[in-house]
There are 2 protein chains.
Amino acid sequence: GESEKRITDIRENQTQKAGLENKELGDISTENGSKPKQKSNTNSFENLRVIGQVSKLYILAERGEDLVLIDQHAAHERILYEQVLKMKKSRVQELITPVTIDLTPKEKVLMEEYIPHLEECGFGISEFGDNTYVVTFIPEVFGRLEDPEIIHDVVSDLLASGKVKKDTGISERVCKTIACRAAIKGGAACSPKQMEELIEQLKKAENPYSCPHGRPTVITFTKGELDRMFARIQ
Amino acid sequence: GESEKRITDIRENQTQKAGLENKELGDISTENGSKPKQKSNTNSFENLRVIGQVSKLYILAERGEDLVLIDQHAAHERILYEQVLKMKKSRVQELITPVTIDLTPKEKVLMEEYIPHLEECGFGISEFGDNTYVVTFIPEVFGRLEDPEIIHDVVSDLLASGKVKKDTGISERVCKTIACRAAIKGGAACSPKQMEELIEQLKKAENPYSCPHGRPTVITFTKGELDRMFARIQ
């Protein structure tokens with residue numbers, strides 16, 4: 001009874017904190033805002049010691065005596081999203097083998113809308129005969145491209161999401177889609193060095209606490225919370 | 001809102017599971033019982049991969065895609081308690097330098113009650129002049145004794161806990177006190193090998209899910225629970 005009550009309290013307390021963090025962060029429409037105001041969060045990524053990876057999806061780290069969980073995909077998505085937003089066209093890589101994309105006439109109409117924004121973000125993309133496009137450059141954030149499938153994925157994600165009314169909406173959607181497809185996937189094993197680098201980059205992000213879709217990147221269990229879960233303290 | 005609600009649900013669900021486990025285990029008075037009946041728990045310690053240690057207190061491990069936290073002190077306490085209960089006098093070590101203990105006349109009365117039980121558990125202890133006792137043997141569970149202070153601690157823990165009515169109560173208390181003082185402390189850095197051995201031993205325990213005082217030794221976060229905390233799934 002006592003023990004159950006205690007764990008419930010901790011979990012509820014955690015939830016309230018998570019909720020507060022989300023509110024502080026705001027949703028995507030307040031992107032480009034200032035850093036979170038909570039003082040306690042300011043140094044959340046300082047002195048993090050990587051412990052390891054669980055489920056090939058979450059990075060476990062220690063900050064002081066607290067346990068910190070980081071969603072590797074969400075964190076990387078946030079990092080890449082901010083990079084794409086800031087740099088746009090500045091960093092591109094040429095594809096050794098250009099990738100062709102075939103579209104239906106309906107998709108082609110939508111594609112024409114997306115092309116200027118894709119180009120602004122570092123894609124080199126042009127018409128190549130009837131309903132076919134060829135991609136010759138891609139943003140550098142994709143790293144060495146092992147699988148041309150990713151280009152098809154970006155395009156199909158965009159086409160699947162349909163029409164956007166405002167022009168800024170299209171640009172934002174393109175940046176998010178690039179970040180999402182370029183980010184390290186859940187299910188990818190990370191080396192300690194890779195995890196440390198990810199945290200290092202996340203630390204520098206403007207809004208490190210949520211991915212571009214608004215999902216949390218970090219959840220912290222304080223030592224006190226762990227101690228209460230294990231009934232070490234009342 | 002949505003995200004908060006989701007985390008609350010997970011935490012409540014976790015709590016219910018923890019409560020259920022505690023009920024299955026029963027309290028210390030049902031010690032020596034059979035293994036937990038829940039099938040899902042039967043192999044909780046199989047195929048655990050140690051990830052690391054947080055706060056020098058909790059072992060982090062992965063089972064399948066789940067995150068498992070183990071309280072190193074509580075787990076070791078459970079292991080040693082069962083060893084002491086089973087072996088009692090059978091395994092002892094001689095002290096190179098006997099340890100003397102001075103008591104007040106009041107404490108001496110209580111000590112006389114404890115001595116047969118301390119001896120049954122592997123202590124060699126005898127009167128050595130007015131209100132002084134000398135300890136020449138200790139249970140093997142203490143390992144190589146680096147600090148004779150631990151013997152004083154066991155005795156003072158027992159004396160501080162006062163009179164016990166039933167004879168079985170004294171014996172149980174002695175076993176618990178030995179286990180508690182001999183167990184690895186919170187705050188001790190553990191090597192991966194030490195953590196693996198601890199889990200290996202815990203796996204063989206009759207009641208691996210709680211320490212002799214009834215506190216949990218293990219808390220599991222399933223991948224689904226982690227995914228919901230990070231709003232990966234609804």
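The next point concerns the overall build of chain A. Helix and strand counts for chain A stand at eight helices and seven strands. Across the 234 residues that make up chain A, the buried fraction comes to 50%. The contacts of chain A with a sequence gap of at least 6 include a subset with a gap of at least 24, amounting to 70%. Accessible area for chain A stands at about 11,500 Å²; split by element, carbon and sulfur atoms hold 50% of it.

Turning our eyes to something else, we now look at the pairing of strand β7 (residues 218-221) of chain A. Residues and elements named next belong to chain A. Residues V218 and T220 of β7 are buried on one face, and the alternating residues I219 and F221, pointing to the opposite face, are buried as well. The sheet contact formed by strand β3 (residues 66-71) and β7 spans four bridges and is antiparallel. Across the sheet, L67 pairs through a bridge with F221, a residue of β7.

Bringing the packing of helix α4 (residues 105-120) of chain B against helix α6 (residues 167-182) of chain B into the picture now. All names here are of chain B. Across the interface, α4 lies against α6 with an axial gap of 9 Å and an inter-helix angle of 55°. Relative to α6, the element α4 lies oblique. Considering how the two elements wind past one another, α4 and α6 form a crossing that is right-handed. The residues of α6 that touch α4, namely those facing E113, Y114, H117, L118 and E120, are D167, I170, S171, R173 and V174. In terms of residue class, the contact of α4 with α6 is built from four nonpolar, two polar and four charged.

Here we come to helix α3 (residues 72-87) of chain B. All names here are of chain B. In this model, α3 (16 residues) spans 22 Å end to end at C-alpha, consistent with the 22 Å of a helix rising 1.5 Å per residue. Among the 16 residues in α3, 12 count as buried, and that is most of the element. For α3, the complete set of buried residues consists of Q72, H73, A74, A75, H76, E77, R78, I79, L80, Y81, E82 and V84. The N-cap of α3, judged by a side-chain oxygen 3.1 Å from the amide nitrogen of H73 a few residues on, is D71. Following α3 by one or two positions, K88 adopts a phi angle in the positive range, close to 45°.

Let us look at the side chain of R78(B). Mapped onto the elements, R78(B) comes out in helix α3. In this structure the side chain of R78(B) is engaged in a polar contact, spanning 2.9 Å, whose partner is the backbone oxygen of N207(B).

Here we take up the pattern of salt bridges. All names here are of chain B. For the structure on display, the rule yields 20 salt bridges over all chains. Of the charged contacts in the structure, one is a salt bridge between K108 and E127, with a shortest N-O distance of 2.7 Å. Placement of K108 in helix α4 and of E127 in strand β5 (residues 124-127) is noted, with a sequence separation of 19 residues between them. Given a relative accessible area of 45%, E127 falls into the partly exposed group. For R181, the salt bridge is made with D153, and the minimal N-O distance between the two is 3.4 Å. Residue R181 is found in helix α6, and its partner D153 is found in helix α5 (residues 149-160); the two are separated by 28 residues along the sequence.

On to the layout of surface pockets, then. Residue and element names in this part refer to chain B. In this structure, the largest pocket encloses a volume near 670 Å³. Lining the largest pocket are 25 residues, and of these H76, F142, A182, A183 and I184 sit closest to its centre. Those elements that place two or more of their residues in the lining of the largest pocket are α3, α5, α6 and α7 (192-204). Looking at the lining of the largest pocket element by element, the count peaks at five residues for α7. Looking at the lining of the largest pocket, its residues break down into 11 nonpolar, five polar and nine charged. Residues from two domains meet in the lining of the largest pocket; each of domain 1 (2-82 + 188-229) and domain 2 (89-182) gives at least three.

Okay, the sheet that holds strand β5 (residues 124-127) of chain A next. All names here are of chain A. Within the open sheet, the three strands sit side by side as β4-β6-β5. Their pairing is antiparallel. Edge positions in the sheet fall to β4 (92-102) and β5, since each has one partner strand and no second. Between one strand axis and the next, the sheet turns through 15° on average, direction left out of account. In this sheet, strand β6 (residues 132-139) lies alongside β4 in antiparallel orientation, the contact comprising seven bridges. Paired with V92 across the bridge in β6 is P139. Contacts from helix α4 (residues 105-120) reach β4, β5 and β6 within the one sheet, and its direction differs from that of β5 by about 150°. Sheet contacts for helix α5 (residues 149-160): β4 and β6; angle to β4, the most-contacted strand, approximately 65°.

With that settled, consider the environment of T136(B). Residue and element names in this part refer to chain B. Within the secondary structure, T136 is located in strand β6 (residues 132-139). Residue classification places T136 among the partly exposed positions, given a relative accessible area of 26%. Between the C-alpha atoms of T136 and T97, which are 39 residues apart in sequence, the distance is 7.7 Å. Filtering out sequence-adjacent residues up to four positions away, T136 remains in contact with Q93, E94, L95, P98 and G124.

As a further point, take the packing of aromatic side chains. Under the defined criterion, the tally for this structure stands at seven aromatic pairs over all chains. With 5.4 Å between their ring centres and 50° between their planes, F221(A) and F221(B) make a pair best called tilted. With F221(A) in strand β7 and F221(B) in strand β7 (residues 218-221), the pair connects residues from two separate chains. Owing to a relative accessible area of 2%, F221(A) belongs among the buried residues under this scheme. When the ring of F45(B) is compared with that of Y209(B), the centres are 5.4 Å apart and the planes differ by 25°; the resulting orientation is stacked. Of this pair, F45(B) sits in the loop between α2 (39-42) and β1 (48-54) while Y209(B) sits in the loop between α7 and β7, placing them 164 residues apart in sequence. For F45(B), a relative accessible area of 5% gives the class buried.

Rules used throughout
- Residues numbered from 1 in each chain as written.
- Chains lettered and ligands numbered in written order.
- Predicted model: local features only at pLDDT ≥ 70, side-chain atom pairs only at ≥ 80, totals over all residues.
- Heavy atoms only, no water.
- Helix = DSSP H or I, 4+ residues; strand = E, 2+ residues; numbered from the N terminus.
- Buried < 20%, exposed > 50% of the residue type's maximum accessible area, 1.4 Å probe, protein only.
- Contact = heavy atoms within 4.5 Å.
- Areas by Shrake-Rupley, 256 points an atom, 1.4 Å probe, with all protein chains shown as cover.
- Pairing = 2+ DSSP bridges.
- Axes fitted to C-alpha atoms, helices over the stretch in contact; angles between N-to-C directions.
- Parallel < 35°, antiparallel > 145°, perpendicular 65-115°, else oblique.
- Left-handed = near helix turned anticlockwise from the far one by under 90°.
- Nonpolar A, V, L, I, M, F, W, Y, C, P; charged D, E, K, R; others polar.
- Expected span 1.5 Å × (residues − 1).
- Polar contact = N/O pair within 3.5 Å; in protein donor to acceptor, adjacent residues only side chain to side chain.
- Salt bridge = Lys/Arg side-chain N within 4 Å of Asp/Glu carboxyl O.
- 1 Å grid on protein atoms, 1.4 Å probe; cavity = no way out; pocket = protein on both sides within 12 Å on 5 of 7 lines; lining within 4 Å.
- Points joined across faces, edges and corners; volume = space filled by probe spheres on them.
- Domains from an automatic or database assignment.
- Phe/Tyr/Trp six-rings, centres within 6.5 Å; stacked < 30°, edge-to-face > 60°.

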